[in-house]
Every structure is written in C-alpha cells, then in structure tokens.
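Residues per chain, in single letters:
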Amino acid sequence: MLEINITHYLVAAVFLFAMGVVACVARRNAIGILIGIELILNAVNVNLVAFSRYWGNLDGQVFAIFVIILAACEAAVALAIIINLFHGYGTVEVDYASRMKE
Amino acid sequence: MTAESIQAVVFYALGAVIVISCGIVVFARDIVHSVFALFFTLLAVAGLFALLGADFLAVTQVVVYVGGILVLLLFGILLTGRMPLVLGLTTQRTYWLATLAGAVVFAIVLAIVTGNEWAPPGGQTEPQPTVEALGKLLLGRYLFPFEFASLTLLAALIGAAYLVRRDDR
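Thresholds applied
- Sequence positions are assigned chain by chain, starting from 1 and proceeding in written order.
- By the order in which they are written, chains take letters starting at A while ligands take numbers starting at 1.
- Predicted model: local features are reported for residues with pLDDT of at least 70 only, side-chain atom pairs are reported and counted for 80 or more only, and whole-chain, interface and lining totals are derived from all residues.
- Secondary structure counts use DSSP, requiring at least four H or I residues in a row for a helix and at least two E residues in a row for a strand, with both numbered from the N terminus.
- Partly exposed residues are those whose C-beta has more than 12 but fewer than 20 other C-beta atoms within 10 Å; with 20 or more the residue is buried, with 12 or fewer it is exposed, and the C-beta atoms are placed from the backbone.
- Residue pairs qualify as contacts under a 7 Å threshold applied to their C-beta atoms, which are placed from the backbone.
- A fitted line through C-alpha atoms represents every axis, and for helices the fit uses only the stretch in contact; the resulting angles, taken between N-to-C directions, go from 0 to 180 degrees.
- An angle below 35 degrees is read as roughly parallel, one above 145 as roughly antiparallel, one from 65 to 115 as roughly perpendicular, and any other as oblique.
- Ten residues, namely Ala, Val, Leu, Ile, Met, Phe, Trp, Tyr, Cys and Pro, are considered nonpolar, four, namely Asp, Glu, Lys and Arg, are considered charged, and the remaining ones, Gly among them, are considered polar.

What to know about the overall build of chain B
Argument step 1. If you tally the helices and strands in chain B, you get seven helices and zero strands.
Argument step 2. Its helices and strands in sequence order give chain B the pattern α-α-α-α-α-α-α, from N to C terminus.
Argument step 3. For chain B, the proportion of its 169 residues judged to be buried stands at 20%.
Argument step 4. Contacts in chain B between residues at least 24 apart in sequence constitute 50% of all its contacts with a sequence separation of at least 6.

This is the structure:
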C-alpha cells in the first residue's frame, strides 16, 4: 500500500472525472457546467502524465500540453457564449434559458 | 524515511486535498465558493504533476489554469451577476440522481482501472528534467500540431472578442 504505482494516479483521475460528470449533470448554472468540464479535462491530463511517466515516454506530456491549450480556448469561447446568453435571456441558468426559447 | 514513503505521504495528502476541494466544487450552493475550491483542486493536480516528475507541466498548470482560466471564470461570474436563490438552487432530486450517476461511473471505471496492469514492470525511470526534451518534441515531431494550436488560440481569441462585442450596429 505504501508504494505508489500508476494505479494510484489512475484512481485519482477517475475520481476527478466522476466529480466532473456530476458537476456537468447536476449544475444548472452554465459556469458550473464549465467547471465540470475543466475537472474532466484535468482528469485526462493526470492520466496522460501518469502513463508518460511509467512508460518512460514524453509524448503523453506533449498531449497534456495540447489539452491545456484547448481547455484555455474552450474556456474563453464558452464564457463569451455565457455572457451572450446572459445578455439575451437575463440568466445563465441553462434550464431557464432553454425554456425561454419556446 | 525512504523516498517511497515520502512519495506516498505526499500523494495521499494531495489526494485528500483533491477529494475535499472537489466535493466543495461540485456540491457548493454558491458558485463563487465552487470557483475558490477549484483553485485548490487545480493546485493539487499541479502537485500530482510535480510528483510524477513533470516539472514543466506542473508550472504550466499553475500558470494557465490558476492564473488564466480561474480568473476568467471569476470574471464570468461577475459579469453575469448572481442569480436570485430560487433559481440558483438545483432541486434536491436532481443532485441525488446526478450523484448516483457519478457513483456508477466511478465504480465502473474503478473496476476497469484496478482490474488491469497498466504499466510494464520496470518501465519507470529516474525523473529527468523534461523542459529540454519537451521543447525538442514540440518544435520537432509535433511542430505542425503546435503551430495549429497557436492558430486555434488566435481564432478562439478573435471569436470570443467578436461574440461579446457591444451591440451598436
């Protein structure tokens, strides 16, 4: 138990992923959903870096860098969309906004 | 204390931080509390990267996530205003269902993760400084994806600025 191996890191990543899924499903606030997506992307990065370390191969870390870049892009665009949503509907609650359309 | 036991202690400390702060991130009523808890989650993940010997990625995680995305999220909350509590609360039932779904996902993936051997024995080498090797990879084998990523960043920047422009056509 005292020796840390790759499974420990993978379990930590699974926990982050599951929490991200819960945040995506349960949150009504669009920013809360965005936070859930960030948690999921972080879980992926932990997996990539753990595999990169235990297989002695740096390609996983390069992939993690690309994931971070795309997460930054995604956060910027998503927040722009959320602010537009707020201007259009006066709320960032996704349930409420989708009901307003009808 | 041997190196292994120090590593184990650090790992479990980071794991505890992740578990507690993740719980606050997901279950906090107030979205601002959730964002502040996310700060600790991201820092703990950076700690995991450092523990895995990925020095460059640990620093990048702190700079991009904590310095960039977190501030962006806070700006988003400030600009969209806090919702009145009636709308801000999710119904209890939705939360229970979502937690149940998350637990099922966790159990399934956990069974897969713990039931298999994921690394070759002895594949782990001594941690080396990664910056030089990463730079060579990014400007060598991964040059095209790297340039494409910069183009994507530019497009996202312009797109975001266009989306939130003032409406004075």
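Notes on the packing of helix H3 (residues 59–89) of chain A against helix H7 (residues 143–163) of chain B
Argument step 1. With their axes 9 Å apart at the nearest point, H3(A) and H7(B) run at an angle of 10° to one another. In terms of their interaxial angle, H3(A) and H7(B) are classed as roughly parallel. Contact residues: H3(A) offers Phe66(A), Ile69(A), Cys73(A), Ala76(A), Val77(A), Ala80(A), Ile81(A) and Asn84(A), while H7(B) offers Pro145(B), Ala149(B), Thr152(B), Leu153(B), Ala156(B), Leu157(B), Gly159(B), Ala160(B) and Leu163(B).
Argument step 2. Split into classes, the residues belonging to the contact of H3(A) with H7(B) amount to 14 nonpolar, three polar and no charged.

A few points about the interface of chain B and chain A
Argument step 1. Facing 69 residues of chain B, the contacting portion of chain A comprises 63 residues.
Argument step 2. Sorting the residues of the side of chain B that touches chain A by element identifies helix H1 (3–27), helix H2 (31–51), helix H3 (55–80), helix H5 (92–114), helix H6 (131–138) and H7 of chain B as the ones contributing at least two each.
Argument step 3. The element best represented in the side of chain B that touches chain A is H5(B), accounting for 12 residues.
Argument step 4. Looking at the side of chain B that touches chain A, its residues break down into 48 nonpolar, 20 polar and one charged.

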